[in-house]
Amino acid sequence: GLSTRGILSAVRMAKAYARVKGRAYVIPEDIKLIFPYICCHRLILSGTYRHKPDFARSTADGILARITVPTEDWSAD
């Protein structure tokens, strides 16, 4: 998994990306965009996967595809 430093890097990068896009807040799409750049080089692959450079990226993409973004129904009062 990602270490504490890895998570802190992800938070900082997401905030920086949001600021570049002109926002003062991070949206889920920011996290989905930066996540592979933060985690792929931190994955330690073994066996036959060690020689497949795209495996880490496809693994990260697979993780993101399975995660649903939490939403809140504001219409229910």
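Now for a description of the structure that goes with this document. (Residues numbered from 1 in each chain as written. Predicted model: local features only at pLDDT ≥ 70, side-chain atom pairs only at ≥ 80, totals over all residues. Heavy atoms only, no water.)

Secondary structure assignment for the chain yields 3 helices and 0 strands. The 77 residues of the chain split such that 19% are buried. Roughly 6200 Å² of accessible area belongs to the chain as shown, and the carbon and sulfur atoms make up 60% of that amount. (Helix = DSSP H or I, 4+ residues; strand = E, 2+ residues; numbered from the N terminus. Buried < 20%, exposed > 50% of the residue type's maximum accessible area, 1.4 Å probe, protein only. Areas by Shrake-Rupley, 256 points an atom, 1.4 Å probe, with all protein chains shown as cover.)

Now for the packing of helix α1 (residues 4–20) against helix α2 (residues 28–39). Where α1 contacts α2, the axes come no closer than 9 Å and their chain directions differ by 135°. Our classification of the angle between α1 and α2 gives oblique. Crossing hand, α1 versus α2: right-handed. Between α1 and α2, the contacting residues are Gly6, Ser9, Ala10, Met13, Ala14, Tyr17 and Ala18 on the first element and Asp30, Ile31, Leu33, Ile34, Tyr37 and Ile38 on the second. Of the residues contributing to the contact of α1 with α2, the split by class is 10 nonpolar, 2 polar and 1 charged. (Axes fitted to C-alpha atoms, helices over the stretch in contact; angles between N-to-C directions. Parallel < 35°, antiparallel > 145°, perpendicular 65-115°, else oblique. Left-handed = near helix turned anticlockwise from the far one by under 90°. Contact = heavy atoms within 4.5 Å. Nonpolar A, V, L, I, M, F, W, Y, C, P; charged D, E, K, R; others polar.)

Before going further, it helps to spend a moment on the pattern of salt bridges. Inspection of the entire model under this criterion finds 1 salt bridge. Aspartate 30 serves as the salt-bridge partner of arginine 23, at 2.7 Å between the closest nitrogen and oxygen. Each member of the pair arginine 23 and aspartate 30 is classed as buried. (Salt bridge = Lys/Arg side-chain N within 4 Å of Asp/Glu carboxyl O.)

Two quantities define a packed helix pair, namely the angle between the helix axes and the distance between the axes. Between α2 and helix α3 (residues 54–66), the shortest axis-to-axis distance is 10 Å and the interhelical angle comes to 145°. Crossing handedness for the pair α2 and α3: right-handed. Residues Lys32, Phe35, Pro36, Tyr37 and Cys39 of α2 lie in contact with α3, whose contacting residues are Arg57, Ala60, Asp61 and Leu64. The residue inventory of the contact of α2 with α3, partitioned by class, reads 6 nonpolar, no polar and 3 charged.

Next up on the list: α3. Its 13 residues place the ends of α3 19 Å apart at the C-alpha level, agreeing with the 18 Å of an ideal helix rising 1.5 Å per residue. Those residues of α3 that fall on the buried side of the exposure criterion are Ala56, Ala60 and Leu64. Here the buried residues of α3 occupy an arc of 70° about the axis, which is enough to place them on one side. What points out from α3, more than 90 degrees from its buried face, is the exposed set Asp54, Ala65 and Arg66. Buried-residue contacts for α3 involve α2. (Expected span 1.5 Å × (residues − 1). Arc of directions from axis to C-beta.)

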